[in-house]
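Per-entry structural report
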Amino acid sequence: MSSDNVQTLSDLKQIQPPAPAAIIIYEQKLDALGRAYATGKRKNAVARVWLKPGSGKITVNGRDSVVYFARPVLRMLIGQPFGVANRANQFDVICTVSGGGLSGQAGAVRHGISRALIHYEPGLRPVLKQGGFITRDPRVVERKKYGKRKARRSFQFSKR
């Protein structure tokens, strides 16, 4: 160890603090028809979502959301972003969903609606982020392992 690297308190006064991080300003992203587009994902489901001002009608794969998502829980799930942002019945949603089951598709539509809302109205980002609507849910089905019946379930043990 050499003693030529010794710093004093007066040397610390000369050090400049780091510059503050740049503040990110989000801009509105609309297509030629005045719609906001976003992609939502959940499990194996992928939803393409277009959002435009309207009366609150949600269309999924050409069908009304009440017909497509028959369970009330799933309809409540896709309406959550509007409720948190206080934008209920202000936007029409047109979306196409593929892959996965109904629960995963509803989660994908919810994720897509949240991202499209941010593209249309960037000021809603903090509210939706705090509610956890922007984050893609990373949980997916665990793969099946060899020597097992499912991912973790073993075959039934037989004593005789």
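Here we take up helix H4 (residues 102-120). A rise of 1.5 Å per residue sets the reference length of H4, with its 19 residues, at 27 Å; its end C-alpha atoms lie 26 Å apart and thus fit the reference within 8%. Counting buried positions over the 19 residues of H4 gives 15, a clear majority of the element.

This part is about the sheet that holds strand E1 (residues 36-42). With respect to topology, five strands assemble into an open sheet ordered E1-E2-E5-E3-E4, the strand pairing being mixed. Bordering the open sheet on either side are E1 and strand E4 (63-64), each of which pairs with just one other strand. Where E1 lies against strand E2 (residues 45-53), seven bridges are found, and the strand directions are antiparallel. Pairing of lysine 41 across the sheet is with valine 46, part of E2. This element, H4, spans E1, E2 and strand E5 (91-98) of the sheet and lies at about 145° to E1.

For the rest of this paragraph, the subject is the environment of alanine 36. Along the chain, alanine 36 falls in strand E1. With 116 residues separating them in the primary sequence, alanine 36 and arginine 152 have C-alpha atoms 42 Å apart. Sequence-distant contacts of alanine 36, that is, excluding residues within four places in its chain, are made with Lys29, Leu30, Val49, Trp50, Leu51, Ala116, His119 and Tyr120.

Another aspect to go through is the packing of aromatic side chains. A complete count under the given rule lists four aromatic pairs for this structure. Consider the rings of phenylalanine 91 and tyrosine 120, whose centres lie 5.1 Å apart with planes at 80°: the pair is edge-to-face. With a gap of 29 residues between them, phenylalanine 91 in strand E5 and tyrosine 120 in helix H4 connect regions that are remote in the sequence. The residues phenylalanine 91 and tyrosine 120 share a single accessibility class, namely buried. Each member of the aromatic cluster is reached from another via a ring pair, and the members are Phe82, Phe91 and Tyr120.

Calculation criteria
- Residues numbered from 1 in each chain as written.
- Predicted model: local features only at pLDDT ≥ 70, side-chain atom pairs only at ≥ 80, totals over all residues.
- Heavy atoms only, no water.
- Helix = DSSP H or I, 4+ residues; strand = E, 2+ residues; numbered from the N terminus.
- Expected span 1.5 Å × (residues − 1).
- Buried < 20%, exposed > 50% of the residue type's maximum accessible area, 1.4 Å probe, protein only.
- Pairing = 2+ DSSP bridges.
- Contact = heavy atoms within 4.5 Å.
- Axes fitted to C-alpha atoms, helices over the stretch in contact; angles between N-to-C directions.
- Phe/Tyr/Trp six-rings, centres within 6.5 Å; stacked < 30°, edge-to-face > 60°.

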